[in-house]
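Structural features, examined
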Amino acid sequence: MKKLNWGILGTGWIAHEMGEALTAVNGEIYAVCNVRLAGAQQYAEEFGVQKVYGSPDEMFADENVDIVYIATPHNLHYEAMLKALKAGKHVFCEKSITVNSRQLEECAALAEEKGLIICDGTTLLHMPLYKKLRQIIEEGAIGDVKMVQVNFGSCKEYDVNNRFFSKELAGGALLDIGVYAVSFARYFMKSRPDVILTTANYFETGVDETSGIILKNPDGEMAVIALTMRAKQPKRGVVAGEKGFIEISDYPRAQRAVITYTEDGRKEVIEAGSTDAALQYEVRDMQDYILNKSGQENLRIVRDVMEVLTAVRNQWGLVYPFE
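Now for a description of the structure that goes with this document.

A tally of regular secondary structure across the protein chain gives nine helices and 14 strands. Against the globule reference of 20 Å for 323 residues, the protein chain gives a C-alpha radius of gyration of 20 Å, in line with a compact fold. Residue burial in the protein chain is summarised as follows: out of 323 residues, 55% are buried. Taking as baseline every contact in the protein chain between residues at least 6 positions apart, the subset at least 24 positions apart corresponds to 66%.

Moving on, we get to the packing of aromatic side chains. One pass over the structure, following the stated rule, counts 15 aromatic pairs. Between Tyr-187 and Phe-188, the ring centres sit 5.2 Å apart and the planes meet at 85°, which makes this aromatic pair edge-to-face. In this structure, Tyr-187 and Phe-188 share a single accessibility class: buried. Put simply, the rings of Tyr-130, Phe-152, Tyr-180, Phe-184, Tyr-187, Phe-188 and Tyr-251 pair up and form one aromatic cluster. The side chain of Arg-102 reaches across the aromatic face of Tyr-78, ending 5.9 Å from its centre. A cation sits over an aromatic face here: Lys-156 above Phe-164, 4.0 Å from the ring centre.

Moving on, we get to the sheet that holds strand E1 (residues 6-9). What the six strands build is an open sheet, ordered E3-E2-E1-E4-E5-E6; its pairing is parallel. If you trace the sheet from one side to the other, it starts and ends with strand E3 (51-53) and strand E6 (118-120), each paired once. Geometrically, the sheet is characterised by an average inter-axis angle of 15° between neighbouring strands, direction not taken into account. When strand E2 (residues 31-33) meets E3, the two strands line up parallel, connected through three bridges. In the sheet register, Cys-33 faces E3, and the bridge partner there is Tyr-53. Strands in contact with helix H8 (residues 278-291) are E1, strand E4 (67-70), strand E5 (90-93) and E6; relative to E5, the strand with the most contacts, it is inclined by about 155°.

Attention now goes to unusual backbone geometry. With omega at -10°, the peptide bond leading from Lys-95 into Ser-96 counts as cis. Position of Ser-96 relative to the elements: it lies in the loop between E5 and helix H5 (101-114). Backbone geometry at Ala-170 places phi at a positive 60°, although glycine is not the residue there. Topologically, Ala-170 is positioned in the loop between strand E7 (145-153) and helix H7 (173-187). At Lys-293, a residue that is not glycine, the phi angle is positive and equals roughly 50°. Residue placement: Lys-293 occurs in the loop between H8 and helix H9 (296-316).

Here we take up the side chain of Ser-101. Along the polypeptide, Ser-101 turns up in helix H5. When near neighbours in sequence (up to four residues on either side) are disregarded, Ser-101 contacts Met-306, Glu-307 and Thr-310.

Criteria and cut-off values
- Residues numbered from 1 in each chain as written.
- Predicted model: local features only at pLDDT ≥ 70, side-chain atom pairs only at ≥ 80, totals over all residues.
- Heavy atoms only, no water.
- Helix = DSSP H or I, 4+ residues; strand = E, 2+ residues; numbered from the N terminus.
- Rg over C-alpha atoms; globule rule 2.2 N^0.38 Å.
- Buried < 20%, exposed > 50% of the residue type's maximum accessible area, 1.4 Å probe, protein only.
- Contact = heavy atoms within 4.5 Å.
- Phe/Tyr/Trp six-rings, centres within 6.5 Å; stacked < 30°, edge-to-face > 60°.
- Lys NZ or Arg CZ within 6 Å of the ring centre and 35° of its normal.
- Pairing = 2+ DSSP bridges.
- Axes fitted to C-alpha atoms, helices over the stretch in contact; angles between N-to-C directions.

Below, the structure written as structure tokens:
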């Protein structure tokens, strides 16, 4: 695969995971930026990065940067992505790609106008297992999909100052872990849900702590989603059809699924890819989207997911201070 120049914005733990993936797939990282210059310099030393910047605008102005990877908190994604696109850069952004659909649609329109690719870091959308399972479903192995059930529970330590519970930083379960659950549901549904029912409990800072979401699309497929931020749940997804059901544990980076065929109870194990290489698949997909002018299907799913997340928050009446 042709080598492309990636510029990394933000140097937190996920940027370090991506640094390892980029080194494995792309061979090198071209640039890194952190408003705390010492953090960028330390990152550059760790990964052998060529260029170090203390200002996003300076990195975006570097004509050698092909792709900007945004690894900042949610509330900063939109502004950074917009600036990068205006500078002519492709953008790979951590999930959630923006905090609402208005922001994403503005960025998507600009990307289309400039012939650029935008993509987000919802790992399951890039895992080989999911591509294989979709093919199996399209071949009719479990019949028409009727129901998707998906859980995600993360027990965050009680800390009102943590970003997970900060309204100012777009905290809460929905944008942090709910994006995985909604992406899982949307991936296996034929069309975008047009019926959304939801309710939530709130943490003392005002962000969503637990929620239930029911989705239905025009094809009659339904999804039931349960999210928690202060209680652990298994990361488990089930796709149920007329002739069988698929179970996936630890689904965000899964490499294994089990199909149970309801007629005779037979089980089939499906394996593809590797959990350990999850971010490498993201890098490969992003570079493929750019080099082969593909990726429209990925962006369509990401846009549908953001529309659902925005509609859910609208029903809750949850607005972040910066919106």
